[in-house]
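Given next are the chains, with one letter for each unit.
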Amino acid sequence: MAALRAVDIVKKLGNQAARLTEGNLRKAFVGGVWRDAHSKKTFLVYNPATWEVIAEVPDMNKDDVLEAISEAHTAQKSWCRITAKERASVLKNCHTRLLDVKDHLAELITLEQGKPLVEAQAEVAYGLSFVEWFAEESSRVYGDIIPAPIKGQRTLVIKQPVGVAALIVPWNFPCAMLLRKASAALAAGCSVVAKPSEETPLSAMVIAEVFAQGGTPPGLFNLVTCSRPQISEVSDAICTSNDISKVSFTGSTAVGRLLMRNCADSIKRLSLELGGNAPLIVFKSADVETAVKGTIAAKFRNTGQTCIAANRILVQDVIFDEYVEQLTKKVKGLKLGKGFDTGVNQGPLITPKAIDKVTQLVSDATSKGAEIITGGNIDDQLGTCFYRPSVITNMDPSMDMTHEEIFGPVAPITKFHDEDEAIALANNTSYGLASYFFTNDLRQSWRVAEQIECGILGINEGAVSAASVPFGGIKQSGLGREGSKYGINEYVDIKYLCIGGL
Ligand code: SIN
């Protein structure tokens, strides 16, 4: 059977992406049109489940980026002058059109990212919820009237869009993360230069075209796709441009640090949603069934490839055996396979490099005494990128896995004795994105909630993400918040007005 290609799915999008032909998939979306990249070069995109080529997309360079920034700069000048209600109406129209193509968008995500189709559908619903949320939020960018300190004066604050926002989007949620950033930026009155990951550029291309059909003016939303070797040229052009006022990045802490350094000369606003090393604590009063359900959600969503994935599971000694037994039973029931196959809920990891990293972390842990309860290896019958859902016990802090993001379907479990020990273990990390704990002791809930160092905390809950709540971390997990009423603040500047002589 011929391999499924991106164009086979894109064709099904009909009017909502009429211009996105096979030819235009090779072109750059800049200034509202699909045009050749300056170099005319393209790069290949692969299906991580099969390693078949699924598309060829433009390999853009510095000249393309500068053109995209210039288009965005011009478009923003008009976009910020229309009313918030008019911006909301365009975003609502984009939302309706994305709803029309949601099933095919999900298929494209499964094709390029590998996640099971049900998860891709959930990602699309999650992504679209940001478009709806920020369409509504655009009318709520309120200022302030401040009692003046001096007679005859009036003092107030207005909020204005920062300008052009560069959005650097990860491969793990190629649709939802783009929509989470872009909807907030557009709602605030900014324009956008978006760079999807080289692994997953296709859903971004569809979103760009649907946004254009939905009424975003030419130049307001531009897309920069590039291959790995081009990334440093492209990101340097973004970071050094004086016409980009804001960079929003989701990805590793190492790259976040680099971007921060590169943005220093032009003093850009930054939102950084970086790595995590989430603890998930199960206290003795917890309902073990709830804790196991929460662990499956927090650990195995997207086959462990989320920044908020539980990375260190800490279980109190008295319920340790019961928890491990119940969790192992559930993990053995997970179905690993190709994302389009029925019943599959665990897909491939994104690249062979990701598989190597998980393999190396597991082998480091076992060489230091960890015990594999289930999994612990690759399913090579399925392909090169399929790691079996795994449970590992006897973890200790000397193992690399307790400090590094696993980004795979491995649940490492550590035994602890009391609450103070659990909190110390949980906070023993330079990261501070998500944390989870399970308890039925109300006093303990408050004590622990106030001591855990993180930006997102699930209490008796493993699925915490939504458009209405703030997403972001502390410590080396980053800066700023996405989603929620706070997310739009990342794209506005505060201007203080002092009116005298009154
Ligand atoms: C992430 O992995 O960073 C995103 C997860 C989410 O938004 O739920």
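A quick note: this is a predicted structure, and the numbers were derived from the prediction, not measured.

Would you mind showing me how to read the overall build of the protein here?
Helix and strand counts for the protein stand at 15 helices and 22 strands. Relative to a compact globule of 502 residues, whose C-alpha radius of gyration would be 23 Å, the protein shows 23 Å and is just as compact. For the C-alpha atoms alone, the extent of the protein along its principal axes is close to 70 × 70 × 40 Å. Looking at the protein as a whole, 57% of its 502 residues are labelled buried. Total accessible area computed for the protein in this model is approximately 20,200 Å², and 52% of it derives from carbon and sulfur atoms. Each charge class in the protein can be summarised by its mean position, and for the 52 positive and 56 negative side chains these summaries are 6 Å apart.

I would appreciate a short explanation of the domain arrangement of the protein in the present structure.
Often the size quoted for an interface is simply the accessible area lost on bringing the parts together. Taken domain by domain, the protein consists of domain 1 (6–11 + 19–274 + 479–495) and domain 2 (278–466). Summarising the inter-unit geometry, the C-alpha centres of domain 1 and domain 2 are found 31 Å apart. Contacts between domain 1 and domain 2 engage 25 residues on the former and 29 residues on the latter. The contact between domain 1 and domain 2 buries some 2,100 Å² in all, and 64% of this surface belongs to carbon and sulfur atoms. Three residues stand out in domain 1 for area buried against domain 2, namely Trp51, Pro116 and Trp171, and they jointly supply 23% of the buried area on that side. Where domain 1 packs against domain 2, one counts 0 salt bridges. Among the elements of the structure, helix H4 (102–113) and helix H5 (117–137) are those that each provide at least two residues to the side of domain 1 that touches domain 2. Considered class by class, the residues forming the side of domain 1 that touches domain 2 number 12 nonpolar, 6 polar and 7 charged.

Where do I start with the environment of Arg261 in this structure?
Counting through the fold element by element, Arg261 comes out in helix H9 (residues 253–262). In this structure, the C-alpha to C-alpha distance between Arg261 and Cys239, residues 22 residues apart in sequence, is 9.1 Å.

How do you make sense of a negative patch on the surface when you look at a structure like this?
Taken together, the side chains of Asp287, Glu289, Asp321, Glu322 and Glu325 make up a negatively charged region of the molecular surface. Per element, the largest residue contribution to the negative patch is 3 residues, and it comes from helix H11 (residues 320–332). Here Asp321 shows up in helix H11. Note on Asp321: relative accessible area 60%, which makes it exposed.

Please clarify how the sheet that holds strand E5 (residues 144–146) should be interpreted in this entry.
Within a beta sheet, neighbouring strands are joined by backbone hydrogen bonds and run either parallel or antiparallel to one another. Reading across from one edge, E5-E6-E22 is the order of the 3 strands in this open sheet, with antiparallel pairing throughout. The sheet terminates laterally at E5 and strand E22 (492–499), the two strands that pair on one side only. The average angle at which neighbouring strand axes cross in this sheet is 25 degrees, direction not considered. Two strands pair when backbone bridges link them, and E5 and strand E6 (residues 154–161) are joined in this way by 3 bridges, in the antiparallel orientation.

What is the right way to read the sheet that holds strand E13 (residues 310–316) from this model?
One open sheet holds the 7 strands; their spatial order is E14-E15-E16-E13-E12-E18-E19, and the pairing between them is mixed. Both outer strands of the open sheet, strand E14 (371–374) and strand E19 (456–459), are each paired with one neighbouring strand and no more. The sheet shows a mean angle of 25 degrees between the axes of neighbouring strands, direction not considered. The sheet strands contacting H11 are strand E12 (278–282), E13, E14, strand E15 (390–393) and strand E16 (410–416), and the helix crosses E16 at an angle near 175 degrees.

Help me out: how do you make sense of the site of the ligand in this one?
Neighbouring the ligand are the residues Tyr126, Asn172, Phe173, Met177, Arg180, Glu273, Arg301, Thr306, Cys307, Ile308, Ser465 and Phe471. Between an oxygen atom of the ligand and a side-chain N or O atom of Asn172, the distance comes to 3.2 Å. The separation between an oxygen atom of the ligand and a polar side-chain atom of Glu273 is 2.9 Å.

Help me out: how do you make sense of the nonpolar core in this one?
One recurring pattern in soluble globular proteins: nonpolar side chains tend to sit buried together. By size, the foremost hydrophobic cluster in this structure holds 119 residues, and its most contacted members are Leu202, Phe221 and Tyr323. By residue number, the principal contributor to this core is helix H6 (residues 176–188), which donates 10 residues. In this structure, this core is formed jointly by two domains, domain 1 (6–11 + 19–274 + 479–495) and domain 2 (278–466), each of which donates at least three residues. Discounting chain neighbours no more than four positions away, the residues touching Tyr323 are Leu280, Val282, Val288, Ala291, Val292, Thr295, Ile313, Val315 and Ile413.

Before we go on, may I ask you to explain the packing of aromatic side chains in this structure?
The relative placement of two aromatic rings is captured by the distance of their centres and the angle of their planes. Under the defined criterion, the tally for this structure stands at 7 aromatic pairs. Both rings, one in Phe29 and one in Trp34, keep their centres 4.8 Å apart while their planes meet at 45 degrees; by these two values the pair is tilted. Here the two residues Phe29 and Trp34 agree in accessibility, since each one is buried. A centroid spacing of 5.7 Å and a plane angle of 80 degrees characterise the contact between Trp171 and Phe407, whose relative ring orientation is edge-to-face. One end of the pair, Trp171, is in the loop between strand E7 (164–168) and H6; the other, Phe407, is in the loop between E15 and E16, with 236 residues separating them in the sequence. Aromatic ring contacts, followed pair by pair, group Phe283, Phe416 and Phe437 into a single cluster. If you follow Arg180 out to its NZ or CZ, it ends over the ring of Phe471, 4.1 Å from the centre.

Mind showing me how you'd approach the side chain of Thr351 here?
Residue position: Thr351 is located in the loop between H11 and helix H12 (352–367). The class of Thr351 is buried, set by a relative accessible area of 14%. Contact partners of Thr351, with chain neighbours within four places excluded, come to Trp51, Glu199 and Cys385.

I keep staring at a nonpolar patch on the surface and nothing clicks. Help me out?
Residues Leu44, Tyr46, Trp51 and Val53 make up a contiguous nonpolar surface patch of about 310 Å² in total accessible area. Relative to the helices and strands, Tyr46 resides in strand E3 (residues 42–46). Residue class for Tyr46 comes out partly exposed when judged on its relative accessible area of 33%.

In this structure, what is going on with the packing of helix H13 (residues 419–427) against helix H14 (residues 442–451)? I would like to understand it.
Each pair of packed helices can be summarised by the angle the axes make with each other and by the distance between the axes. Where H13 meets H14, the axes come as close as 10 Å, and the angle between the chain directions of the two elements is 30 degrees. Taken as axis vectors, H13 and H14 run roughly parallel relative to one another. The hand of the H13/H14 crossing is right-handed. Between H13 and H14, the contacting residues are Glu419, Ile423 and Asn427 on the first element and Gln444, Arg447, Val448 and Gln451 on the second. Along the lines of polarity and charge, the residues of the contact of H13 with H14 split into 2 nonpolar, 3 polar and 2 charged.

Conventions we followed
- Residues numbered from 1 in each chain as written.
- Predicted model: local features only at pLDDT ≥ 70, side-chain atom pairs only at ≥ 80, totals over all residues.
- Heavy atoms only, no water.
- Helix = DSSP H or I, 4+ residues; strand = E, 2+ residues; numbered from the N terminus.
- Rg over C-alpha atoms; globule rule 2.2 N^0.38 Å.
- Buried < 20%, exposed > 50% of the residue type's maximum accessible area, 1.4 Å probe, protein only.
- Areas by Shrake-Rupley, 256 points an atom, 1.4 Å probe, with all protein chains shown as cover.
- Lys, Arg positive; Asp, Glu negative; His and termini not counted.
- Charge placed at Lys NZ, Arg CZ, Asp CG, Glu CD.
- Domains from an automatic or database assignment.
- Contact = heavy atoms within 4.5 Å.
- Buried area = accessible area lost by both parts, 1.4 Å probe.
- Salt bridge = Lys/Arg side-chain N within 4 Å of Asp/Glu carboxyl O.
- Nonpolar A, V, L, I, M, F, W, Y, C, P; charged D, E, K, R; others polar.
- Patch = residues over 30% accessible without salt bridge, like charges linked within 9 Å, V, L, I, M, F, W, Y side chains within 5 Å.
- Pairing = 2+ DSSP bridges.
- Axes fitted to C-alpha atoms, helices over the stretch in contact; angles between N-to-C directions.
- Near = heavy atom within 4 Å.
- Polar contact = N/O pair within 3.5 Å; in protein donor to acceptor, adjacent residues only side chain to side chain.
- Core = buried A, V, L, I, M, F, W, Y, C linked by side-chain atoms within 4.5 Å.
- Phe/Tyr/Trp six-rings, centres within 6.5 Å; stacked < 30°, edge-to-face > 60°.
- Lys NZ or Arg CZ within 6 Å of the ring centre and 35° of its normal.
- Parallel < 35°, antiparallel > 145°, perpendicular 65-115°, else oblique.
- Left-handed = near helix turned anticlockwise from the far one by under 90°.

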